[in-house]
Structure formats: structure tokens, C-alpha cells
Amino acid sequence: MLTRKQHELLMFIHERIKETGVSPSFDEMKEALDLASKSGIHRLITALEERGFIRRLAHRARALEVVKLPQQATTASPPKGRGAFKPQVVEGGGQAPSIPAAPIAADNTRELPILGRIAAGTPIDAIQHERERLPVPETMLGGGEHYVLEVQGDSMIEAGILDGDYVIIKKGDTANSGEIVVALVGEEATLKRLRKKGGSIALEAANPKYETRIFGPDQVEVQGKLVGLIRRYH
């Protein structure tokens, strides 16, 4: 059983894909359902995905697919909000990147994938698949591929990174000494400040409760470096 807003969003996505071949942007969904912010769209998308009505397609921008419709949806009309049916679509060619391309919204933000949680204290399982998207101001980004991780733990608090923060990571496999990076150690990922010490690599916490860990250069794989942070206040 879907709520009214879930049903409206599902039908809007379905009709837009049928009309243009491309799923609508989060901004278009927000306007179509007359919601104040895109966070409400994120929650509705997650609910529809969990209920098996839609799924996200990897390696494609704005990649939503309608898997099924509720029985009452076949004769229902899509929402008639402010942004309903504005088929302005720009598609790019070339090989798909390893992270889905993030469209730039009208409000000068970019939808970045949240790939899971990263432990700022003790390493946890390696980065997971995309679970949702977060709008990030373009001014925080620049060129290159980016993704978002939710911080879990307190070992980077003296660097201003708190438990529950969202860190913006620029994808890459190199970093300068002193930069905060996502480092893969074996099958585990962690958020730490990287220091190059001779032929070794140190992963430093920003909390005196945690020890610096030293590794050989072949034991640490840089997955990206920190370029920004978003904090939500509840």
C-alpha cells in the first residue's frame, strides 16, 4: 500500500520515462509534487525502492526504472504540480564512468551518490553501493568524479569531522602527504589523514584516543580525498 505522495511520484516517474525515455531529475520531481525540498523526494524514492516499485540503474545519470505499478496506478493521472512535464533533456555520449554521472540541477547543485558509511575510528567494510543521492553545491566540487560517505565514529573530531557528517570525496588513487583520504586497507575502508614517512604510509586520526597506524606502501590504496563536508542539523 502506497501513500498518496508515493503513488504520485511513482506515476510521475512512469509517465516521464514513457514520454521522454529518461527519468525526471530530483528538481523536477520536487516541483511536480510541490514539495519544499529534495530531501522529501529522497525519502519517497527510498520507500518506493524498498517496496520494489522502482530500482536504480548503475552507471547512468538520473537512472531510475519503474519495475511495477500498483493496480490502481494504471488508470491514475500523474501529478499536475508546478514542474509537471517539462521535457528538457540533455544526454551525453561516451563510456560510462565507474560512478554514475551527477546532473547539475537548476539551483546549481549536483546530485552525488551516497555510497555508504565510512568509519572515522576503526576500519569497517569497504565502500558499498549507492543507497541514495545528496544535493551538493557546485562550489564545493570542481572537476572530476565525486561521491559522498556518511561518517561513523569520532576519530576525526579535531579535524572538524563529526559522527553523522557527510564527507564529499573526490575520486582518485593519489594524495599528498597531510591530506585527509579514504584509504582501503585490505578489504576495509577508513577515513584518515595520510602521511608519507620514508617508504611507509601513516594513517593518522585526529583524536588522541586513537593511535597512528603505519603500513607499507603496497598495503594502502587511496580511494579519494576529502574536498568538503555537509552537516545536517535535526
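Cut-offs applied
Residues numbered from 1 in each chain as written. Predicted model: local features only at pLDDT ≥ 70, side-chain atom pairs only at ≥ 80, totals over all residues. Heavy atoms only, no water. Helix = DSSP H or I, 4+ residues; strand = E, 2+ residues; numbered from the N terminus. Salt bridge = Lys/Arg side-chain N within 4 Å of Asp/Glu carboxyl O. Buried < 20%, exposed > 50% of the residue type's maximum accessible area, 1.4 Å probe, protein only. Pairing = 2+ DSSP bridges. Polar contact = N/O pair within 3.5 Å; in protein donor to acceptor, adjacent residues only side chain to side chain. Contact = heavy atoms within 4.5 Å. Axes fitted to C-alpha atoms, helices over the stretch in contact; angles between N-to-C directions. Parallel < 35°, antiparallel > 145°, perpendicular 65-115°, else oblique. Nonpolar A, V, L, I, M, F, W, Y, C, P; charged D, E, K, R; others polar. Expected span 1.5 Å × (residues − 1).

Brief notes about the environment of Tyr-233
For step 1, the next point in the chain: Within the secondary structure layout, Tyr-233 lies in the segment after strand E12 (220-230).
For step 2, the next point in the chain: Separated by 69 residues in the primary sequence, Tyr-233 and Gly-164 place their C-alpha atoms 10.0 Å from one another.

Digging into the pattern of salt bridges
For step 1, the next point in the chain: Scanning the model with the defined rule gives twelve salt bridges in all.
For step 2, the next point in the chain: With its nearest N and O atoms 3.6 Å apart, the salt bridge here joins Glu-150 to Arg-117. In this pair, Glu-150 is assigned in strand E6 (residues 146-152) and Arg-117 in strand E3 (residues 109-119), connecting sequence segments 33 residues apart.
For step 3, the next point in the chain: Judged by relative accessible area, Arg-117 falls into the partly exposed class, the value being 42%.
For step 4, the next point in the chain: Glu-179 is paired through a salt bridge with Lys-225; the nearest N and O atoms lie 3.5 Å apart. Of this pair, Glu-179 sits in the loop between strand E7 (166-171) and strand E8 (180-185) while Lys-225 is found in strand E12, placing the two residues 46 residues apart along the sequence.

Concerning unusual backbone geometry
For step 1, the next point in the chain: Unlike most non-glycine residues, Asp-34 shows phi in positive territory, near 60°.
For step 2, the next point in the chain: Along the chain, the position of Asp-34 falls in the loop between helix H2 (26-32) and helix H3 (38-50).

What to know about the pairing of E6
For step 1, the next point in the chain: The element E6 is largely enclosed, with a buried count of six among its seven residues.
For step 2, the next point in the chain: Two elements, E3 and E6, share four bridges in a ladder whose sense is parallel. Its bridge partner lying in E6, Ile-118 is registered against Val-151.

Description of the side chain of Glu-204
For step 1, the next point in the chain: Along the chain, Glu-204 turns up in strand E10 (residues 200-204).
For step 2, the next point in the chain: The exposure class of Glu-204 is buried, given its relative accessible area of 17%.
For step 3, the next point in the chain: Within the local environment of Glu-204, its side chain forms a polar contact with the side chain of Arg-195, the two groups lying 3.1 Å apart.
For step 4, the next point in the chain: Setting aside anything within four residues of it in sequence, one finds Glu-204 in contact with Met-156, Lys-192, Arg-193, Arg-195, Lys-197 and Thr-212.

Describing the pairing of strand E9 (residues 188-197)
For step 1, the next point in the chain: Here E8 runs beside E9; their pairing, made up of six bridges, is antiparallel. The residue of E9 that forms the bridge with Val-182 is Leu-191.
For step 2, the next point in the chain: Between E8 and the antiparallel strand that follows it, E9, lie two residues; Gly-186 among them carries a positive phi value of about 65°.
For step 3, the next point in the chain: Note that E9 and E10 share five bridges and pair antiparallel.

Regarding the side chain of Ser-23
For step 1, the next point in the chain: By the secondary structure assignment, Ser-23 is in the loop between helix H1 (4-20) and H2.
For step 2, the next point in the chain: Judged by its relative accessible area of 2%, Ser-23 falls in the buried class.
For step 3, the next point in the chain: From its side chain, Ser-23 meets the backbone nitrogen of Leu-64 in a polar contact 3.4 Å long.

Let's talk about the packing of H1 against H3
When two helices pack together, their arrangement is given by the angle between the helix axes and the distance between those axes.
For step 1, the next point in the chain: It is the contact of H1 with H3, at a shortest axis distance of 10 Å, that shows an interaxial angle of 85°. Considered as vectors, H1 and H3 are oriented roughly perpendicular to each other. For the pair H1 and H3, the contacting residues are Lys-5, Gln-6, Leu-9, Leu-10 and Ile-13 in the first and Ile-41, Leu-44, Ile-45, Ala-47 and Leu-48 in the second.
For step 2, the next point in the chain: Residues that form the contact of H1 with H3 fall into these classes: eight nonpolar, one polar and one charged.

Concerning H3
For step 1, the next point in the chain: The end-to-end C-alpha distance of H3 is 18 Å, a good match for the 18 Å that 13 residues give at a rise of 1.5 Å each.
For step 2, the next point in the chain: Along H3, the residues classified as buried are Lys-38, Gly-40, Ile-41, His-42, Leu-44, Ile-45, Ala-47 and Leu-48.
For step 3, the next point in the chain: Those residues of H3 hidden inside the fold are in contact with H1, H2, strand E1 (54-56), strand E2 (64-66), E3 and strand E5 (132-137).
For step 4, the next point in the chain: Gly-52 lies just past H3 and shows a positive phi near 80°.

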